[in-house]
Amino acid sequence: MDLPSAINYIEDKNKLGITPGLDSVKELLARLGNPQKDVKCLHIGGTNGKGSIFAFLQDILIEAGMSVGRYISPTIITYLERFQINKENMQDEDFPKYVSIVKEQVDNMEADGLNSPSAFEIETAIAFLYFKEMKVDVALIECGMGGALDATNVIEQPLASVFASISLDHMSFLGDTVEEIAANKSKIIKENSICISHPQTDKVSAVLKERCNQVKATYIEVDDESINVISEDVTGSTFTYKNGDYFISLPGTFQIENACTAIEIAMEVFELDYELIARAIKGTVWLGRFTVVNQEPLTIVDGAHNEKAWSELNSSINKYFTNRQIIYIIGVLKDKEYDKMVDILKDTMSYAIAITPDTPRGLNKEILSDLFLVNGVPATTACNAEEAITLAYDMAEPEDVVMVCGSLSFLAEYLNFDYNKHKE
């Protein structure tokens, strides 16, 4: 099996969709020798910020001399970003080997009359096999969606269960209220373990604390009152947390809170010192999270894709770009509450260029453009990054801002775009 064949195999399994439950992934892992039991894991759930928290933590643990595996989804640049060790993607030649090993057991399951595991369940099994074979010191494992029935919830004794900010998303699967969603996600907390959380609303905190009480887990939540923001702009933030001084280059108040979550994990779970932590997070980069890709006009790529993230983006824009014209290049998925996105961001929009994300879930650009127009935002459409950037730059003055956002699914072409050719 070569790399294209291996990826095609996963894509074919993607057509199976999502089947809630852990039976298939547990059966698959059992047939593979339960590799997850031989990997020390940190398990993170939540709605927004999972990737950023683990980006900070990854840098901290690497700075401490550890071999750090990381399993993430979705990815932005390449498929094999899903499987990383010390920020290096799995090698092209290795992936087919792991797919072949897992495929053999999937075929056996089907021959035995069992349902085939989903693509995500297969990828999860590959991640555990890879991290076990490569003997990582610790693996950072992100939930795909929810918690209770997420394929990653086969970790029996995590070093810690971690929570990013929990808010409304995937309601058709997880529940209609934030309490229901939090209850689902809280099921990754295991008995006699430690739980470390980003600052949550009172309703979410109550749910997480109740779960910890039920399973005799220790609950630690980042204390907002212990955060003192010294300075904050588009280049990053300087702040203190529990008497330690820190700088991060990822802008946004929410990134300060994400960094503090990673700091808590580093101190509570790994007992690392302040100097090492501060040194490590100073250089943390997480592509697609308010990433500056060009300076004139200032062009930013951000993966805001749900109500909470749009609100955070709106807050950052109002904080950093008062009285500046903002030209949006924006695309969303049709299963998101994009009407709320327009309502939240419309007052910051000088102009909107709608695109259709290249995925079956992508909302047609004409529908989005019409929605902007109905809400009083001048708008047009573009077919690709080249056309969208050309349109935006033709109308932008040097002091204007171009904001690319709406979904993680199309950000790669804007992160990789050659902006120099527009400087001629």
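None of these values were measured; they are calculated from a predicted model. (Residues numbered from 1 in each chain as written. Predicted model: local features only at pLDDT ≥ 70, side-chain atom pairs only at ≥ 80, totals over all residues. Heavy atoms only, no water.)

Observations concerning a nonpolar patch on the surface
Quick reminder of the rule: Only residues whose relative accessible area exceeds 30% and that form no salt bridge are eligible for patches; like-charged ones are grouped when within 9 Å, while nonpolar side chains (Val, Leu, Ile, Met, Phe, Trp, Tyr) are grouped when within 5 Å. Each accessible area value is a Shrake-Rupley result obtained with a 1.4 Å probe; residue values ignore everything except the protein chains displayed when judging cover. Salt bridge, as used here: a side-chain nitrogen of Lys or Arg that lies within 4 Å of a carboxyl oxygen of Asp or Glu. By definition, any uninterrupted DSSP run of H or I lasting at least four residues is a helix, any uninterrupted run of E lasting at least two residues is a strand, and each is numbered from the N terminus.
Residues Ile-77, Val-285 and Leu-287 make up a contiguous nonpolar surface patch of roughly 240 Å² in combined accessible area. Position of Leu-287 among the secondary structure elements: in the loop between helix H10 (274-281) and strand E12 (291-295).

Notes on the side chain of Glu-81
The line we're drawing: The buried label goes to any residue with under 20% of its type's maximum accessible area, the exposed label to any with over 50%, and the partly exposed label to all in between, with areas taken from a 1.4 Å probe on protein chains only. For this count, His and the chain ends are skipped, Lys and Arg are scored as positive, and Asp and Glu as negative. Residues adjacent in sequence count toward polar contacts only when both atoms are side-chain atoms; beyond that, a polar contact is any pair of N or O atoms within 3.5 Å, and within protein one must be able to donate a hydrogen and the other to accept it. The contact criterion used is simple: two residues touch if any of their non-hydrogen atoms lie within 4.5 Å.
Mapped onto the secondary structure, Glu-81 falls in the loop between strand E2 (68-71) and strand E3 (83-85). The side chain of Glu-81 sits in the buried core without any salt bridge; Arg-289 is the nearest counter-charge, 7.2 Å away. Side-chain polar atoms of Glu-81 contact the backbone nitrogen of Thr-78, separated by 2.6 Å. In this structure, Glu-81 is in contact with Ile-72, Thr-75, Ile-76 and Asn-89, ignoring residues within four places of it in sequence.

Some remarks on the side chain of Ser-24
As for its position among the elements, Ser-24 is in helix H2 (residues 23-31). Dropping the residues within four chain positions of it, Ser-24 is found in contact with Met-109, Asn-115, Pro-117 and Glu-121.

Quick word on the confidence of the model for the chain
Heads up, the condition is: pLDDT measures how confident the predictor is about each residue, on a scale from 0 to 100.
Here the chain averages 92 in pLDDT, while 97% of its residues score no lower than 70. The secondary-structure element of the chain with the lowest mean pLDDT is helix H6 (residues 171-174), recorded at 54, while E2 shows the highest, at 98.

Some remarks on H2
Selection criterion: Directions pointing from the helix axis toward each C-beta atom define the arc.
The set of residues buried in H2 consists of Ser-24, Val-25, Leu-28 and Leu-29. Buried positions in H2, seen along its axis, are confined to an arc of 125° and lie on one side of it. Its buried side turned inward, H2 meets helix H4 (95-111) and helix H5 (119-133). Gly-33 lies just past H2 and shows a positive phi near 90°.

Quick word on unusual backbone geometry
Trans peptide bonds make up the majority, and among non-glycine residues the majority have a negative phi. Here Glu-296 and Pro-297 are connected by a cis peptide whose omega angle stands at -5°. Not every positive phi belongs to a glycine, and Phe-290 is a case in point at roughly 50°. Position of Phe-290 relative to the elements: it lies in the loop between H10 and E12. By relative accessible area, which is 4% here, Phe-290 ends up buried. Phi at Asn-323 is positive, roughly 65°, even though this residue is not glycine. Of note, Asn-323 is situated in the loop between helix H11 (307-320) and strand E14 (326-330). The class of Asn-323 is exposed, set by a relative accessible area of 77%.

Topic: the sheet that holds strand E11 (residues 244-248)
Put simply, the rule reads: Note on pairing: two strands pair once DSSP finds at least 2 bridges between them. Here an axis means a line fitted to C-alpha atoms, over the contact stretch when the element is a helix, while the angle between two N-to-C directions is reported on a 0 to 180 degree scale.
With antiparallel pairing, the three strands of this open sheet are ordered in space as E9-E10-E11. Edge positions in the open sheet fall to strand E9 (227-233) and E11, since each of these has one partner strand only. Each adjacent strand pair in this sheet contributes to an overall mean axis angle of 15°, direction not counted. In the sheet, strand E10 (residues 236-241) pairs with E11 via five bridges, with the strands oriented antiparallel. The residue of E11 that forms the bridge with Phe-239 is Tyr-246.

Some details on the packing of aromatic side chains
To keep things clear, this is the line we draw: Pairing of aromatic side chains requires ring centres within 6.5 Å, counting the rings of Phe and Tyr and the six-membered ring of Trp. Pairs whose planes differ by under 30 degrees are stacked, by over 60 edge-to-face, and all others tilted. Remark: a charge is flagged as sitting over a ring if the NZ atom of Lys or the CZ atom of Arg is within 6 Å of the ring centre and within 35 degrees of the ring normal.
Here the structure, examined in full by the defined rule, presents 15 aromatic pairs. With centroids separated by 5.9 Å and ring planes inclined at 70°, the aromatic side chains of Phe-290 and Tyr-320 adopt a geometry described as edge-to-face. Note that Phe-290 is positioned in the loop between H10 and E12 and Tyr-320 in helix H11, a separation of 30 residues in sequence. With a centroid separation of 6.3 Å and an interplanar angle of 35°, the aromatic rings of Tyr-393 and Tyr-419 are classed as tilted. Placement of the pair is Tyr-393 in helix H14 (residues 385-395) and Tyr-419 in the segment after helix H15 (412-415), with a sequence separation of 26 residues. Among the aromatic residues, those joined into a ring-pair cluster are Tyr-71, Tyr-79, Phe-83, Phe-95 and Phe-120. The aromatic ring of Trp-286 is capped on one face by Arg-70, whose charged end is 4.4 Å from the ring centroid.

Some points on the pattern of salt bridges
Applying the stated criterion across every chain, the model contains 18 salt bridges. Note that Glu-232 and Lys-319 form a salt bridge whose closest N and O atoms lie 3.2 Å from each other. Here Glu-232, found in strand E9, pairs with Lys-319, found in helix H11; they are 87 residues apart in sequence, far enough to count as distant. Note on Lys-319: relative accessible area 40%, which makes it partly exposed. Taking the shortest distance from any N to any O, the salt bridge between Lys-242 and Glu-264 comes out at 2.6 Å. Pair noted here: Lys-242 is in the loop between E10 and E11 and Glu-264 is in helix H9 (residues 253-268), with a separation of 22 residues, a long-range link. Exposure remark for Lys-242: the relative accessible area of 48% places this residue in the partly exposed category.

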